[in-house]
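# Tertiary structure, described
Here is how the chains run, residue by residue.
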Amino acid sequence: MTEPQTLLTIGDFARAAGLTAKALRLYDDLGLLPPAEVDPHSGYRRYAPSQLEGARLVATLRLLGMPLARIQRLVDLRPAAAAREVEAYWAQVEADTATRRHIVTTLVHQLRNEARTMTTSTHTLHAAYGASHRQGRRDLQQDAFIATPELFAVADGFGDRDDIAPAALAAFAVGGLTGAVSEIAQGVGAALPDQPSSGTTLTAVALDGATARITHIGDARVWLVRDGELQQVTHDHTVVAGLLEAGQLTVDEARSHPHRNLLNRALTPGVVADESVVDLRRDDRLVLTTDGVHSFVDDLAPLLTMAAAPQAVADAVAVAVGEAGEPDNHTVVVVDLGFIT
Ligand code: MN
């Protein structure tokens with residue numbers, strides 16, 4: 001029997017495991033990690049230090065998207081059997097992905113054929129814009145942005161250099177994605193591995209007639225404000241974002257997960273960007289934010305939907321990030337659209 005005094009409160013245990021108490025309660029409710037002891041009167045959960053490894057294992061398996069029943073079986077296995085089980089699970093994930101890739105190819109082909117029959121608008125856009133670009137409490141400013149009447153883009157550099165994001169944006173403006181990738185490949189050096197230690201994200205909106213063409217790699221975001229409603233147009237290329245959208249992680253788990261910032265796409269040779277098109281309407285507002293903004297301001301909607309000039313909106317966002325402690329570089333670009341008829 002474990003002595004009661006060696007048990008940790010849920011708060012202390014959560015801190016030691018690098019998780020939140022809420023995530024641990026979820027794991028208990030799901031039957032994945034029952035506490036060593038539950039006080040029959042107060043209902044307080046207490047954990048044994050020997051459960052730390054199990055808690056971290058559950059968090060990692062959740063990140064793989066493993067179904068609950070399978071995690072439940074796996075946590076009771078010895079390490080060698082657990083290793084085989086993880087391998088077997090992953091082999092099936094990869095096989096499923098390959099099958100789905102074939103289906104995707106067919107579907108995209110069909111949809112493209114349909115798209116060809118549709119007409120495009122000939123309206124010309126007028127864009128009014130404002131921006132804020134601040135260093136926050138970081139030693140380097142690794143965010144960069146450009147704003148021209150036809151092109152708005154942000155880039156968030158990582159690693160120990162501050163020249164990568166601006167170089168990528170300048171090259172993108174001239175040579176598109178191919179230009180940006182080759183610029184980065186040269187600038188960062190020949191030894192650019194799949195997971196570079198220095199690099200950048202890139203999220204761009206090019207205006208063309210009445211459409212916005214979006215090119216997106218990484219965890220910056222494009223937002224659309226239409227009729228007073230805020231929608232997120234891009235999907236974050238992080239491991240946790242995909243799982244959140246699939247309902248396989250809760251918001252709280254994602255927020256506290258040790259790997260929450262793990263990018264799974266950056267500007268590297270061979271990268272496939274998300275390309276999308278938004279058909280614009282009069283009075284639409286497009287907003288670009290780097291993660292230094294949307295990771296620290298919980299609800300951007302009241303700010304981004306504000307009836308104010310673009311620069312006033314950008315300034316208000318910067319103030320909100322400042323109030324949240326601005327741990328990261330933060331950049332916001334606000335573009336209000338009108339049409340010249
Ligand atoms: Mn950032």
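Scope of this entry: the structure provided in the associated data block. All figures in this text were calculated on a predicted structure; none of them were measured in a lab.

What counts as what
Residues numbered from 1 in each chain as written. Predicted model: local features only at pLDDT ≥ 70, side-chain atom pairs only at ≥ 80, totals over all residues. Heavy atoms only, no water. Helix = DSSP H or I, 4+ residues; strand = E, 2+ residues; numbered from the N terminus. Contact = heavy atoms within 4.5 Å. Areas by Shrake-Rupley, 256 points an atom, 1.4 Å probe, with all protein chains shown as cover. Lys, Arg positive; Asp, Glu negative; His and termini not counted. Charge placed at Lys NZ, Arg CZ, Asp CG, Glu CD. 1 Å grid on protein atoms, 1.4 Å probe; cavity = no way out; pocket = protein on both sides within 12 Å on 5 of 7 lines; lining within 4 Å. Points joined across faces, edges and corners; volume = space filled by probe spheres on them. Nonpolar A, V, L, I, M, F, W, Y, C, P; charged D, E, K, R; others polar. Expected span 1.5 Å × (residues − 1). Buried < 20%, exposed > 50% of the residue type's maximum accessible area, 1.4 Å probe, protein only. Pairing = 2+ DSSP bridges. Polar contact = N/O pair within 3.5 Å; in protein donor to acceptor, adjacent residues only side chain to side chain. Salt bridge = Lys/Arg side-chain N within 4 Å of Asp/Glu carboxyl O.

It is worth spelling out the overall build of the protein at this point. Scanning the protein from N- to C-terminus turns up eleven helices and 14 strands. Dimensions of the protein, computed from the C-alpha atoms along their principal axes, are close to 80 × 45 × 45 Å. Residue pairs at least 24 apart in sequence account for 64% of intrachain contacts in the protein once pairs closer than 6 positions are excluded. About 18,200 Å² of surface is accessible on the protein, with carbon and sulfur atoms providing 53% of the total. Of the side-chain charges in the protein, 28 are positive and 43 negative, and the distance between the mean point of each set is 5 Å.

The subject of this paragraph is the layout of surface pockets. Each pocket or cavity is described by its volume, and for the largest pocket that value is around 1,400 Å³. In this structure, the largest pocket is lined by 44 residues; those nearest its centre are Asp 219, Thr 238, Arg 260, Asn 261 and Ser 295. Residue assignment for the lining of the largest pocket shows that the elements contributing at least two residues are strand E6 (151–158), strand E10 (221–226), helix H7 (239–245), helix H8 (251–256) and helix H9 (291–294). Per element, the largest residue contribution to the lining of the largest pocket is five residues, and it comes from H7. For the lining of the largest pocket, the residue count by class is 17 nonpolar, 13 polar and 14 charged. The computed volume of the second largest pocket comes to approximately 850 Å³.

We now examine helix H3 (residues 52–63). Under the 1.5 Å per step criterion, the end-to-end length of H3 is 17 Å for twelve residues, consistent within 8% with the ideal 16 Å. Those residues of H3 that fall on the buried side of the exposure criterion are Leu 52, Ala 55, Val 58, Ala 59, Leu 61, Arg 62 and Leu 63. Positioned one or two residues after H3, Gly 65 has a phi angle of 80°, which is positive.

The next point concerns the pairing of E6. Burial analysis of E6 places seven of its eight residues in the buried class, which makes it a mostly covered element. For strand E5 (residues 143–147) and E6, the ladder comprises five bridges, and the chain directions are antiparallel. For Ala 144, the partnering residue across the bridge sits in E6 and is Ala 155. Hairpin connection of E5 to E6: three residues between the antiparallel strands. Relative to strand E8 (residues 202–208), E6 is paired through four bridges, and the arrangement is antiparallel. Across the sheet, Phe 152 pairs through a bridge with Val 205, a residue of E8. The pairing of E6 with strand E7 (residues 199–200) spans two bridges and is classified as antiparallel. Residue pairing across strands places Phe 158 opposite Gly 199, the latter belonging to E7.

Counting through the fold element by element, Ala 16 comes out in helix H1 (residues 10–17). With 163 residues separating them in the primary sequence, Ala 16 and Gly 179 have C-alpha atoms 45 Å apart. Apart from the residues lying within four places of it in its own chain, the contact partners of Ala 16 are Leu 52 and Arg 56.

Here we take up the side chain of Thr 200. Along the polypeptide, Thr 200 turns up in strand E7. Assessed through its relative accessible area of 0%, Thr 200 is described here as buried. At 3.4 Å, the side chain of Thr 200 forms a polar contact with the backbone oxygen of Asp 156. Look past the residues within four positions of Thr 200 in its chain and what remains in contact with it is Ala 155, Asp 156, Gly 157, Phe 158, Ile 164, Ala 165, Ala 168, Ile 184, Ala 266 and Leu 267.

For the rest of this paragraph, the subject is the environment of Ala 14. When you line up the elements, Ala 14 lands in helix H1. The exposure class of Ala 14 is buried, given its relative accessible area of 4%. Residues Ala 14 and Tyr 47, 33 residues apart in the sequence, show an inter-C-alpha distance of 9.4 Å. Discounting residues that sit within four places of it in the chain, Ala 14 has contacts with Leu 19, Thr 20, Ala 21 and Leu 24.

Let's shift gears to the pattern of salt bridges. Oppositely charged side chains can pair when the atoms bearing their charge come close. Taken as a whole, this structure holds 13 salt bridges when the rule is applied. One salt bridge in this structure joins Glu 85 and Arg 70, with 3.2 Å as the shortest N-O distance. Here Glu 85 is found in helix H5 (residues 79–116), whereas its partner Arg 70 is found in helix H4 (residues 68–75), with 15 residues between them in sequence. According to the relative accessible area criterion, Arg 70 is partly exposed, its value standing at 23%.

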